[in-house]
Amino acid sequence: MPRYVDCPPELASLFNEAEDIITPLFWDFKRDPEKGAITVSSERYVIYRGNSMAVALRHQLESVLGPGAGVAIYQIGKATGAADARYYFEKTGIQDQELKLAMGPVIFALGGYATVKILPESALIPNEDFLLVYDHPNSYEAEAHIKAGLPVNKPVDFLNAGYSAGWCSEAFNLKLEAKEITCIAMGDSQCRFVMAPCSQLRNRVKEIKAKYSL
Ligand SMILES: [Zn+2]
């Protein structure tokens, strides 16, 4: 079974292959403080503290955008997820859609966002029937809110939701959106997400909530 991704057995070989491709790239991690630089396989990276990105950024954006702050953070995630996907697809030369998608959760784990658990309702179909149902165990966004002791009455994993939607949209060349339906920062037992084409998302969320009695 894959080391960083929890998935149904029929997807194990796919995620194993993705881990074999991505992991060596991420192990080539170099700090060069004399130049103020960090690189992963010669590509420039920057490190942000999890709490700063999850809590401080949200508070700052809420002060100017109000309830729109979550959407703004989701869009930051979506832009970075899509851009990272395009970069890694070109760097690795991978053409297969499913393998492109499978590299996303591996990058996610190696980047410190969370791990990913793919649930069996998922259907990697390159049309309107695409569906991804997944959890993000050990999410940095939820953990930051819990550690800060913040009262939370809605899911908080906006960047993580956006990143995964951006990555998978690039992999399958679809306009996908993701919605977090339960969140450990609210006291739920997992951070669970539903991803589908925009036109299908509302109904898919209803179906999955009904299935899991959420
Ligand atoms: Zn969450």
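Now for a look at the structure at hand. (Residues numbered from 1 in each chain as written. Predicted model: local features only at pLDDT ≥ 70, side-chain atom pairs only at ≥ 80, totals over all residues. Heavy atoms only, no water.)

**With respect to the nonpolar core**
Membership of the largest hydrophobic core comes to 59 residues, with the highest contact counts inside it found for Ile22, Ile118 and Phe130. Beyond its immediate chain neighbours, meaning those up to four positions away, Phe130 contacts Leu101, Ala123, Leu124, Ile125, Phe172, Leu174, Leu176, Met195, Ala196 and Pro197. The next biggest cluster of nonpolar side chains, apart from the first, holds nine residues, and it includes Leu119, Ile181, Val205 and Ile208. (Core = buried A, V, L, I, M, F, W, Y, C linked by side-chain atoms within 4.5 Å. Buried < 20%, exposed > 50% of the residue type's maximum accessible area, 1.4 Å probe, protein only. Contact = heavy atoms within 4.5 Å.)

**Thoughts on the pairing of strand S3 (residues 37–40)**
Two strands pair when backbone bridges link them, and strand S2 (residues 29–32) and S3 are joined in this way by four bridges, in the antiparallel orientation. Its bridge partner being in S3, Phe29 is matched across the sheet by Val40. Taken together, S2 and the strand that follows it, S3, pair antiparallel across an intervening segment of four residues, in which Gly36 is found at a positive phi of about 60 degrees. Pairing geometry for S3 and strand S4 (residues 43–45), over three bridges, is antiparallel. When the sheet's bridge partners are listed, Thr39 is paired in S4 with Arg44. The loop that links S3 with its antiparallel partner S4 comprises two residues; one of these, Ser41, has a positive phi angle of about 50 degrees. (Pairing = 2+ DSSP bridges. Helix = DSSP H or I, 4+ residues; strand = E, 2+ residues; numbered from the N terminus.)

**Considering the pattern of salt bridges**
Counted by the stated rule, this structure contains nine salt bridges. Asp135 serves as the salt-bridge partner of Arg192, at 2.7 Å between the closest nitrogen and oxygen. Remark: Asp135 occurs in strand S6 (residues 132–135) and Arg192 occurs in strand S8 (residues 192–197); sequence separation between them is 57 residues. Accessibility assignment for this pair places Arg192 and Asp135 in one class, buried. Lys147 is paired through a salt bridge with Glu143; the nearest N and O atoms lie 3.6 Å apart. Residue Lys147 and its partner Glu143 are both found in helix H5 (residues 140–147); the two are separated by four residues, about one turn of the helix. Accessibility expressed as a relative area gives 69% for Lys147, which makes it exposed. Among the residues examined, Glu143 registers a relative accessible area of 34% and is labelled partly exposed. (Salt bridge = Lys/Arg side-chain N within 4 Å of Asp/Glu carboxyl O.)

**Section: the environment of Glu170**
Within the secondary structure, Glu170 sits in helix H6 (residues 158–172). In sequence terms Glu170 and Leu101 are 69 residues apart; their C-alpha atoms lie 8.3 Å from each other. Leaving out residues up to four positions away in the same chain, Glu170 has contacts with Ala82, Ala85, Arg86 and Phe89.

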